[in-house]
Protein chains: 2
Amino acid sequence: MKEGPVIASVAALLGDPARANILTALMDGRALTVSELAQAAGVTLQTASGHLAKLDAANLLVAEKQGRHRYFRLSGPDVAQVLEALMGLAQRTGATRVRTGPKDAALRSARVCYDHLAGERGVALLQGAERQGLIEGGQDLALTNKGRAFFGDFGIDLARLDKGRRPLCRACLDWSERHSHLGGALGAAILDRMIERKWIRRDAGRVLTFTCEGAEGFDAAFGLA
Amino acid sequence: MKEGPVIASVAALLGDPARANILTALMDGRALTVSELAQAAGVTLQTASGHLAKLDAANLLVAEKQGRHRYFRLSGPDVAQVLEALMGLAQRTGATRVRTGPKDAALRSARVCYDHLAGERGVALLQGAERQGLIEGGQDLALTNKGRAFFGDFGIDLARLDKGRRPLCRACLDWSERHSHLGGALGAAILDRMIERKWIRRDAGRVLTFTCEGAEGFDAAFGLA
DNA sequence: TTCATACTTCGATCATAGCCGAAGCATGGA
DNA sequence: TCCATGCTTCGGCTATGATCGAAGTATGAA
């Protein structure tokens, strides 16, 4: 009777299929319009509008008006993290369907988790960076001096990231792998930079595809021994 | 339309107040009977029975029959972890009530998270252990040789823990603090040992109370500088 | 055997909330 | 000014599922 309802109200919001679709559509960190989200969820515009109002009221989303469009995005990385955790739980408990399609495999290989790299590649990135002493563990990950040099060379403006409020490094548990990958401001910046360098192409949805050049560069930088 | 429903089915289970109450009642890792859970949730026996059947079918709980009682407990630490994550999200997004009662303060100070110590004390434990080089970070925490010696002296049978399937150390994000505390087999063993040594008394629910002797011993072992 | 306890199953009730059609605003372009 | 687009609000329909009373099953005790 005490704290149950607190989690129930949030969980109930995630528990409707249409809303769950909306949220997963937003998990790539982009902002989408009401119409786009309605289509993603498979409901009409007015139904989606109602759902979005609820998600907004609960501060799970933030809205931004631009002309006659209204863009919604997740209110923070923690929302995405909870969604990933739920996916992991669903998978562990067998709620997931057996249908392991081709898209599923692509998702497992590399995808965007809010705004950073996840999947096999994401886990490999963090493990490689740790092995080389670029990032040091601890419950809160930290960038080493060697790491600062490395990512500086990589083309990341660390001074700018330092100024932001967002933590530089953050371990984010991966639902498909069972290890963490790198989130936080640095994780986001690395993904941006990889896209900029054309190492990675962003497909529809959350799938990320490595270019040939990207796969080579990635393996050289963070690859397995 | 793809992965949304996967998370929705799990989230919907957590989204009912009665079920949420049941789950939070089980978050201390103990096994409770149907009647006890019915009372905790504030519903009749038959209603609780129905809820438990659903949670069991979804593998969020496991049942164990003993005489004419049926005991339920969470099917794993990951379930508790998701619940904690949801609490954290509910708090961040303001869904939590302002009522910050005395019990709330006690919960923040020290509580059991499935089977290990959480709250301020839990975070202090991990930070202290890291500062002293007993546990080494990394995305997956690891026990150092110094740590093995220390916790061996503390009265923990590490050889037995090594044999189990459960990972020894596990970082578990704390919803009240914003840092991790120590979970895993070692985290559980430490809590057991502290209770055995009468450092900690287990009150009703999830609240843990440190004895005078316990607080002293704890501070000496892991306390702040 | 008989009774009591612990729990499950069935059935009926009822409230909630998801859904869409239609109508109403607001913004932007012609 | 007029219309098209994007979105919100309203109203009514409907389905889902939470709830509890009553009856049924299993276990343990007398």
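Residues numbered from 1 in each chain as written. Chains lettered and ligands numbered in written order. Predicted model: local features only at pLDDT ≥ 70, side-chain atom pairs only at ≥ 80, totals over all residues.

Once chain A is rotated about the relating axis by 180° and shifted along it by 0.0 Å, it coincides with chain B to within an RMSD of 0.0 Å. The two molecules are tied by a two-fold rotation axis, judged by turn and shift. Relative to the rotation axis, the C-alpha of Gly-137 of chain A is the closest in chain A, positioned 2.2 Å from it. Most of the interface of chain A is mirrored in chain B, where 100% of its interface residues again form contacts. (Least-squares fit on C-alpha atoms with pLDDT ≥ 70 in both. Contact = placed C-beta atoms within 7 Å.)

Quick look at the interface of chain A and chain B now. The interface of chain A with chain B comprises 44 residues on the first partner and 45 residues on the second. Here the side of chain A that touches chain B is composed, by residue class, of 24 nonpolar, 15 polar and five charged. (Nonpolar A, V, L, I, M, F, W, Y, C, P; charged D, E, K, R; others polar.)

Attention now goes to the sheet that holds strand β1 (residues 32–33) of chain B. Each strand in a sheet pairs with another by means of backbone hydrogen bonds, the pair being arranged parallel or else antiparallel. Residue and element names in this part refer to chain B. Strand order in the open sheet formed by three strands is β1-β3-β2, and the pairing between neighbours is antiparallel. Two strands lie at the open edges of the sheet, namely β1 and β2 (61–66), each paired on one side alone. Judged from the six bridges that link them, β2 and strand β3 (residues 69–74) form a sheet pairing that is antiparallel. In the sheet register, Val-62 faces β3, and the bridge partner there is Arg-73. (Pairing = 2+ DSSP bridges. Helix = DSSP H or I, 4+ residues; strand = E, 2+ residues; numbered from the N terminus.)

Residues and elements named next belong to chain A. Looking at chain A, the domain boundaries give domain 1 (4–75) and domain 2 (78–222). Taking the mean C-alpha position of each, domain 1 and domain 2 sit 24 Å from one another. Contact residues are listed per partner, giving nine residues for domain 1 and eight residues for domain 2. (Domains from an automatic or database assignment.)

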